[in-house]
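For reference, the chains in residue letters:
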Amino acid sequence: MHNNLKKFVIITLPRSGSTVLVKTLDNHPQIFCAGELFYFQGKIYHTECQFPFWKIKILGNKINYLINFPNVVLRLRRFMNNFYNNQETGYKAVGFKMMYQHILYMPGIMRYLEKNQVKIILLTRKNILRNVLSDMKARESGVYHNETGSDQHASKKLHVDLRLLSAKMKETEKWANKLESIAAGKNCLKIDYADFVNWEEMTGNIFDFLGVHHAHIPPATERLNSPVLENMIDNFEEVKNWATKNGYAEMI
């Protein structure tokens, strides 16, 4: 790899459009972009790049992450160097996706990013309500992305448990605030899910940030859920009233 290679990471929370962004950037001829290198359970986009965790199947993911702390300490720097430096020649930018929670489970990752001048694309979703509803629907249907064969399960409307909604809103707001805090003083480009509406402008800003040429690359996948909440939620009026009562009316 040449010295002008731009190293980058997309740091985000679930249900913020990161999958379509990763796959779209990877379709650019000068960009290599992998999925969650530190995803423990299951395969990622560009599985060949996944971190080699120790896995004890009978234990939960959080416990397995804790067990892997010494593994991470020993391997992380070499693993990251290999990831950024050993891709095929011709790329001007190499990056991956990292969920904010992985900062907690991968000791030393932020220090590595800072020391190696890795550019950060901070992908947010300021409409927390839609983020949470999308997550609830995905968990209930088992369908997280718009892929072949997903329509049947994804089209079923979600009946929202308001107590669960309230709990998830508080948790997601907490993580969203932590996500925003990491941008301070960093070489960072902030993008919000709402910016996807202006696709060409948004991707153009990313291409400039990464130092690659502009290219017209359509979204790699289509949106899974309807932008009209009435089409997605069975008890929409209940949710609307709850949102109005709790100060989230503008997010409906």
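Refer to the preceding data block for the structure.
Residues numbered from 1 in each chain as written. Predicted model: local features only at pLDDT ≥ 70, side-chain atom pairs only at ≥ 80, totals over all residues. Heavy atoms only, no water.

1. Thoughts on the overall build of the chain
Then, in step 1: When helices and strands are counted, the chain shows 10 helices and 5 strands.
Then, in step 2: Over its C-alpha atoms the chain spans a radius of gyration of 19 Å, differing by no more than 12% from the 18 Å that the globule rule assigns to 252 residues.
Then, in step 3: Judged by the C-alpha coordinates and their principal axes, the chain covers about 55 × 45 × 40 Å.
Then, in step 4: Taken as a whole, the chain presents about 13500 Å² of accessible surface, with 50% of it coming from carbon and sulfur.
Then, in step 5: Each charge class in the chain was averaged separately, 33 positive and 24 negative side chains, and the resulting centres sit 9 Å apart. (Helix = DSSP H or I, 4+ residues; strand = E, 2+ residues; numbered from the N terminus. Rg over C-alpha atoms; globule rule 2.2 N^0.38 Å. Areas by Shrake-Rupley, 256 points an atom, 1.4 Å probe, with all protein chains shown as cover. Lys, Arg positive; Asp, Glu negative; His and termini not counted. Charge placed at Lys NZ, Arg CZ, Asp CG, Glu CD.)

2. Re the side chain of lysine 97
Then, in step 1: Structurally, lysine 97 can be placed in strand E3 (residues 93-99).
Then, in step 2: You can call lysine 97 buried: its relative accessible area is 7%.
Then, in step 3: Only 3.5 Å separates the side chain of lysine 97 from the side chain of threonine 19, close enough to count as a polar contact.
Then, in step 4: Excluding anything up to four places from it in sequence, lysine 97 contacts Ile10, Thr12, Ser18, Thr19, Val22, Ala34, Gly35, Glu36 and Leu37. (Buried < 20%, exposed > 50% of the residue type's maximum accessible area, 1.4 Å probe, protein only. Polar contact = N/O pair within 3.5 Å; in protein donor to acceptor, adjacent residues only side chain to side chain. Contact = heavy atoms within 4.5 Å.)

3. Examining the packing of aromatic side chains
Then, in step 1: Under the definition given, this model contains 18 aromatic pairs.
Then, in step 2: Ring geometry for phenylalanine 38 and phenylalanine 79: centres 6.2 Å apart, planes at 50°, overall tilted. Here phenylalanine 79 lies in helix H3 (residues 69-85) and phenylalanine 38 lies in the loop between strand E2 (31-36) and helix H2 (61-67), a separation of 41 residues in the sequence. Exposure class is identical for phenylalanine 38 and phenylalanine 79. Each is buried.
Then, in step 3: Note that lysine 178 overlies the ring of tryptophan 175, its terminal NZ or CZ placed 4.8 Å from the centroid. (Phe/Tyr/Trp six-rings, centres within 6.5 Å; stacked < 30°, edge-to-face > 60°. Lys NZ or Arg CZ within 6 Å of the ring centre and 35° of its normal.)

4. Here's the deal with helix H8 (residues 162-181)
Then, in step 1: Between its first and last C-alpha atoms H8 spans 29 Å; for 20 residues at 1.5 Å apiece the expected length is 28 Å, and the two agree.
Then, in step 2: Within H8, burial applies to Leu165, Lys168, Met169, Thr172, Trp175, Ala176 and Leu179. Looking straight down H8, one finds that the buried residues subtend no more than 145° of arc, so they occupy a single side. Exposed and facing more than 90 degrees away from the buried side of H8 are Arg163, Lys170 and Asn177.
Then, in step 3: Against strand E1 (6-12), helix H4 (102-105), strand E4 (119-124), helix H6 (128-141) and helix H10 (236-245) lie the buried residues of H8.
Then, in step 4: The backbone nitrogen of arginine 163 lies 3.0 Å from a side-chain oxygen of the residue at the head of H8, namely aspartate 161. (Expected span 1.5 Å × (residues − 1). Arc of directions from axis to C-beta.)

5. Some remarks on the pairing of E2
Then, in step 1: Within E2, 6 of the 6 residues are buried, which leaves it mostly tucked inside the rest of the structure.
Then, in step 2: As defined by bridge partners, E2 adjoins E3 across 4 bridges and the pair is classed as parallel. Residue phenylalanine 32 lies in a different strand from E3, and its bridge partner there is valine 94. (Pairing = 2+ DSSP bridges.)

6. A short note on the sheet that holds E4
Strands in a sheet are paired, the pairing made by backbone hydrogen bonds, and the direction either parallel or antiparallel.
Then, in step 1: The strand order across the open sheet built from 5 strands is E2-E3-E1-E4-E5, with neighbouring strands paired in parallel fashion. Of all the strands in the sheet, the pair left with one neighbour each is E2 and strand E5 (188-192). Geometrically, the sheet is characterised by an average inter-axis angle of 20° between neighbouring strands, direction not taken into account.
Then, in step 2: Note: E4 against E5, 5 bridges, orientation parallel. When the bridges of E5 are listed, leucine 123 appears paired with isoleucine 191.
Then, in step 3: Of the strands in this sheet, E1, E2, E3 and E4 are in contact with helix H1 (residues 18-26), which crosses E2 at around 150°.
Then, in step 4: Along the sheet, H8 contacts E1, E4 and E5; its crossing angle with E4, the most-contacted strand, is approximately 155°. (Axes fitted to C-alpha atoms, helices over the stretch in contact; angles between N-to-C directions.)

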